Amino acid sequence: MNRFDSYFAYLGNELQCEGRKLQYLALEYGTPLYVYTARGFKERFQEIDSALSGIDHLICYSIKTNFNMGIITLMASMGSGADVVSGGELYRALKAGISPEKIVFAGVGKTREEIEYAVDAGILMFNCESFQEIELIEEISAAKKKKTAIAVRVNPDVDAKTHHYITTGKKENKFGITVHMLKKYLPRLKQHQNLIFRGIHGHIGSQIITTEPYIQATEKFIALIADLKKSGWGNIEYVNLGGGMGIVYHEESPFDMQMWAKEIISRLTPLGLKLIVEPGRYISGNSGILLTRVTYRKEGEAKTFLITDGGMNDLIRPSLYGAYQNVLNCIKRDGEEIVDVVGPVCESGDFFAKDRKITLTFQGDYLAVMSAGAYCMAMASRYNSRRLPAEVMISEGGEVRLIRKRDSWEDLLRNEMP
Ligand code: LLP
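For clarity, every value in this text was computed on a predicted model and none was experimentally measured.

A. Inspection of the overall build of the chain at higher detail. Secondary structure assignment for the chain yields 12 helices and 20 strands. If one aligns the C-alpha atoms of the chain with their principal axes, the spans along those axes are about 70 × 55 × 45 Å. Looking at the chain residue by residue over its 418 residues, the buried ones come to 56%. In the chain, once contacts between residues fewer than 6 apart in sequence are set aside, the share between residues at least 24 apart is 70%. Surface exposure of the chain reaches about 17600 Å², of which carbon and sulfur atoms provide 51%. Taking the average location of the 51 positive side-chain charges in the chain and that of its 51 negative ones, the two points are 4 Å from each other.

Written as structure tokens, this is what we have:
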């Protein structure tokens, strides 16, 4: 079960991970500080891997979720592949030792430079999002005298019932190609000598907590593949269902990985298809937290504000999506209060929690923003000239390793030419 409190939990009244008291980590490394658990990444990866043991499969960890090299290297050591969406992510995946044959490349706007890079690297396949992109991959592959494998990202017009910013499989979203349009394009695709049409890809959204949308999408893909096979597209051997499996941030019911796998496997095996999945959040989301110090406790007329040294630039999900992330004090005290937990950035939208019931908290306390392993550091910025935070990884034995130094003042000016 992928719960926010399974790796970072109170022992007595102190929040800890692998026996390490988090407030001491905050004192040692400073705040804001991202803290990750290697056990979390490993156990979630293994959970998916064993749920899929009944089918030939490849797990491509979605690098956009959390792209620290310490994390990608850990994923590589377990045999994970990578889902990348930019040349930069491809660079990271290769540097971390992920074999190119385990890398898939998605994204609606791949540039010529990025496509050339990936063709040269010899990745497993491109997940193509438009005919224009397919034409460009053909042109580049022809020039390089290479055969390049592609999957077509099909937009199945399925509602994943998640936040509208992170739903991607509806007709009105910019992603993928509809079945109807793909069929019209097939004669043209047939002429491309340098492409191998190997799979159907379909990422339908993120933070999905039921299996139903996946089943609907899989059934659409299977029907399409059966059709394609009849009309001579015998090379199609992969279905890539993308990522999207949700985690518990608050009171969601946990995603049922076993059930999901069973439903998918039973539908794909009769056609002898291989499965690729691109989980991100499911692996990283509850494997990390953000530690931040209460700089001031400000009692206003209407509200009490806990003003922290971490802000929306460090962790933007509550501000951007109105996302709920639990906030815990590293020391649990008797007594509770209702507060706003806000950052120092000059925007009213800079908050981690509003009207939140939290343990009685004082100036100088350390707070943990929970479920912060996915799309948190990955979306951090230097807005307000704030330095990007440090990140540490705790091993299963409780050893702590710095995997990213906090920015220095000089880092803020690097690359600028006054
Ligand atoms: N594959 C593709 C093609 C994707 O676009 C994504 C995520 C994934 C896999 C991984 O999805 P996951 O397993 O992590 O749900 N920033 C938002 C989420 C954006 C998701 C973008 N695509 C958030 O903080 O909720």
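Moving on from the model shown.
B. Representation of the sheet that holds strand S2 (residues 14-17). Taken together, the three strands give an open sheet; going across it, the order is S1-S2-S3, and neighbouring strands pair in antiparallel fashion. Each end of this open sheet is capped by a strand with a single partner; those strands are strand S1 (9-11) and strand S3 (20-21). With three bridges joining them, S1 and S2 adopt antiparallel strand pairing. Residue pairing across strands places Leu 11 opposite Glu 14, the latter belonging to S2.

C. Summary view of the sheet that holds strand S6 (residues 81-84). What the eight strands build is a closed barrel, ordered S5-S6-S7-S8-S9-S10-S11-S12; its pairing is parallel. Averaged over all pairs of adjacent strands, the angle between strand axes in this sheet comes to 30 degrees, irrespective of strand direction. Strand direction decides the pairing type here: strand S7 (residues 103-105) and strand S8 (residues 125-128), joined by two bridges, are parallel. Each residue of the ladder has a partner; that of Val 104, found in S8, is Met 125.

D. Examining the pairing of S8 more closely. Side chains of S8 alternate between two faces, with Met 125 and Asn 127 and Phe 126 and Cys 128 buried alike. Chirality of the crossover, the property in question, places the unit of S7, helix H5 (residues 112-121) and S8 among those that are right-handed. Where S8 and strand S9 (residues 148-153) come together, three bridges link them in parallel fashion. Bridge pairing in S9 places Asn 127 opposite Ala 151. Note that the unit made of S8, helix H6 (residues 131-143) and S9 has a crossover that is right-handed.

E. Geometry of the nonpolar core. Membership of the largest hydrophobic core comes to 97 residues, with the highest contact counts inside it found for Phe 126, Phe 197 and Trp 260. Once residues lying within four places of it in the same chain are set aside, the contact partners of Phe 126 are Phe 105, Lys 110, Ile 115, Ala 118, Val 119, Ile 137, Thr 148, Ala 149, Ile 150 and Ala 151. Ranked by size, the runner-up nonpolar core spans 22 residues in total, among them Tyr 7, Phe 8, Leu 25 and Val 400.

F. Up close: the pattern of salt bridges. Under the definition given, this model contains 26 salt bridges. Across the pair Arg 39 and Glu 43 runs a salt bridge, and its minimum N-O distance is 3.9 Å. Here the residue Arg 39 and the residue Glu 43 both occupy positions in helix H2 (residues 38-51), the gap between them amounting to four residues, near one helical turn. By relative accessible area, which is 33% here, Glu 43 ends up partly exposed. The network of salt bridges with common partners includes Glu 18, Arg 39 and Glu 43.

G. Expanded view of the site of the ligand. Neighbouring the ligand are 18 residues; Ser 206, Glu 278, Arg 317, Tyr 321 and Tyr 375 lie closest to it. A distance of 3.4 Å is found between an oxygen atom of the ligand and a side-chain nitrogen or oxygen belonging to Lys 64. At a separation of 2.4 Å, an oxygen atom of the ligand approaches a polar side-chain atom of Ser 206. The protein chains hide 92% of the 590 Å² of surface that the ligand would expose on its own.

H. The packing of aromatic side chains, seen in detail. Scanning the model with the defined rule gives nine aromatic pairs in all. Relative to Phe 41, the ring of Tyr 36 has its centre 6.4 Å away and its plane inclined at 75 degrees; by these criteria the two rings are edge-to-face. Taking the relative accessible area as the measure of exposure, Tyr 36 reaches 0% and is therefore buried. Taken together, the ring pairs connect Tyr 214, Phe 255, Trp 260 and Tyr 282 into an aromatic cluster. The ring of Trp 233 has Lys 190 lying over it, and the distance from NZ or CZ to the ring centre is 4.4 Å. Lying across the ring of Trp 409, Arg 387 places its NZ or CZ 3.8 Å from the centre.

What counts as what
Residues numbered from 1 in each chain as written. Predicted model: local features only at pLDDT ≥ 70, side-chain atom pairs only at ≥ 80, totals over all residues. Heavy atoms only, no water. Helix = DSSP H or I, 4+ residues; strand = E, 2+ residues; numbered from the N terminus. Buried < 20%, exposed > 50% of the residue type's maximum accessible area, 1.4 Å probe, protein only. Contact = heavy atoms within 4.5 Å. Areas by Shrake-Rupley, 256 points an atom, 1.4 Å probe, with all protein chains shown as cover. Lys, Arg positive; Asp, Glu negative; His and termini not counted. Charge placed at Lys NZ, Arg CZ, Asp CG, Glu CD. Pairing = 2+ DSSP bridges. Axes fitted to C-alpha atoms, helices over the stretch in contact; angles between N-to-C directions. Right-handed = clockwise from strand over helix to strand, strands pointing away. Core = buried A, V, L, I, M, F, W, Y, C linked by side-chain atoms within 4.5 Å. Salt bridge = Lys/Arg side-chain N within 4 Å of Asp/Glu carboxyl O. Near = heavy atom within 4 Å. Polar contact = N/O pair within 3.5 Å; in protein donor to acceptor, adjacent residues only side chain to side chain. Phe/Tyr/Trp six-rings, centres within 6.5 Å; stacked < 30°, edge-to-face > 60°. Lys NZ or Arg CZ within 6 Å of the ring centre and 35° of its normal.

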